[in-house]
Amino acid sequence: MIAPPDDYSRFPSEHLPDLGGAYCFTYVRGLTPEELVIRLGVRIEDCSHMTLDELTETAYSSYDGKNMFFGAVAVGDWVLLVEANGGLGVTEEIIVPLSAGTRLVSHFYLDIKDMDYFHWIKNGKIQPEFPHQEGYSEEMPDELAQTMEWIDSLYPPHTYPNEGPAFLLAERLTGITMTPQLLGEATYLCGVVPNSR
């Protein structure tokens, strides 16, 4: 099921205000939360289970710039990595090896710096970056270019990715419809990764 564009244009700023200003969602296909944690170099015994509210509160209260806090949950054939005020999903030294033998899609947004990043990686190979309204890369696969043209037709010109297009593109690439219920009703396996940047 494809979410209506209006649903994503208000998401997460209206539905999840604690995540609205600084978030990163990373989808990795074919892994369990435990396998993802191990790939990140975190010991399962050092992790804990939390709700989204607990994850968000812990991420902000423990933020020191030296560590990145995350939560992982299984969603269909994918594991979803959720970060409040974190950037694991856009740190190439982390996500390229994390995608080994599978696919990874991530979307990062930070409002105070107006930063918006989208990654699509297949087995360690970064695919063309999220295209801008000005035009599409010649390297982009036809299927993705057609999807982007369709997404662009749904939104006004110069719509920022975090205002809907990035969520719709992630849905097309993963088959996962992002909703407040999906995030808010989940229990996450949470841990910490040292910030290598």
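Structure: see above.
Every value quoted in this text rests on a predicted model; they were computed, and no experiment measured them.

Caption draft 1: Just the overall build of the protein, in detail. The number of helices and strands found in the protein is eight helices and eight strands. A total of 197 residues make up the protein; the buried ones form 50% of that total. The long-range share in the protein, meaning contacts at least 24 apart out of those at least 6 apart in sequence, stands at 70%. Summed over all atoms, the accessible surface of the protein reaches about 9,800 Å², with 48% contributed by carbon and sulfur.

Caption draft 2: Geometry of the packing of aromatic side chains. Counted under the stated rule, the structure contains five aromatic pairs. An angle of 35° between the planes, with centres 5.9 Å apart, marks the rings of Tyr 23 and Phe 167 as tilted. You can see Tyr 23 sitting in strand β1 (residues 22-29) and its partner Phe 167 sitting in helix α7 (residues 165-174), a full 144 residues away along the chain. The pair formed by Tyr 23 and Phe 167 is uniform in burial state, with each residue classed as buried. Through successive ring pairs, a cluster of aromatic residues spans Tyr 23, Phe 25, Tyr 109 and Phe 167.

Caption draft 3: Structural view of the pattern of salt bridges. Applying the stated rule across the entire model yields two salt bridges. For Glu 45, the salt bridge goes to Arg 43, with nearest N and O atoms at 3.8 Å. The pair Glu 45 / Arg 43 is uniform in exposure class, with both members exposed. Here Arg 43 makes a salt bridge to Asp 46, at a shortest N to O gap of 3.0 Å. Look at the salt bridges and you will find they share partners, linking Arg 43, Glu 45 and Asp 46 into a network.

Caption draft 4: Here's a closer look at the environment of Asn 123. For Asn 123, the location among the structural elements is in the loop between β6 (115-122) and β7 (125-126). The class of Asn 123 is exposed, set by a relative accessible area of 53%. Asn 123 sits 23 residues away from Ala 100 along the chain, and the two C-alpha atoms are 4.4 Å apart. Dropping the residues within four chain positions of it, Asn 123 is found in contact with Ser 99, Ala 100, Gly 101 and Thr 102. A polar side-chain atom of Asn 123 sits 2.6 Å from the main-chain amide nitrogen of Gly 101.

Caption draft 5: Just the environment of Thr 51, in detail. Take Thr 51: it is sitting in the loop between β2 (48-50) and α4 (52-61). The class for Thr 51 is partly exposed, based on a relative accessible area of 34%. Sequence-wise, Thr 51 and Gly 184 are 133 residues apart; in three dimensions their C-alpha atoms are separated by 7.3 Å. Apart from residues no more than four positions distant in its own chain, Thr 51 is found in contact with Ala 186 and Tyr 188.

What counts, and where the lines are drawn
Residues numbered from 1 in each chain as written. Predicted model: local features only at pLDDT ≥ 70, side-chain atom pairs only at ≥ 80, totals over all residues. Heavy atoms only, no water. Helix = DSSP H or I, 4+ residues; strand = E, 2+ residues; numbered from the N terminus. Buried < 20%, exposed > 50% of the residue type's maximum accessible area, 1.4 Å probe, protein only. Contact = heavy atoms within 4.5 Å. Areas by Shrake-Rupley, 256 points an atom, 1.4 Å probe, with all protein chains shown as cover. Phe/Tyr/Trp six-rings, centres within 6.5 Å; stacked < 30°, edge-to-face > 60°. Salt bridge = Lys/Arg side-chain N within 4 Å of Asp/Glu carboxyl O. Polar contact = N/O pair within 3.5 Å; in protein donor to acceptor, adjacent residues only side chain to side chain.

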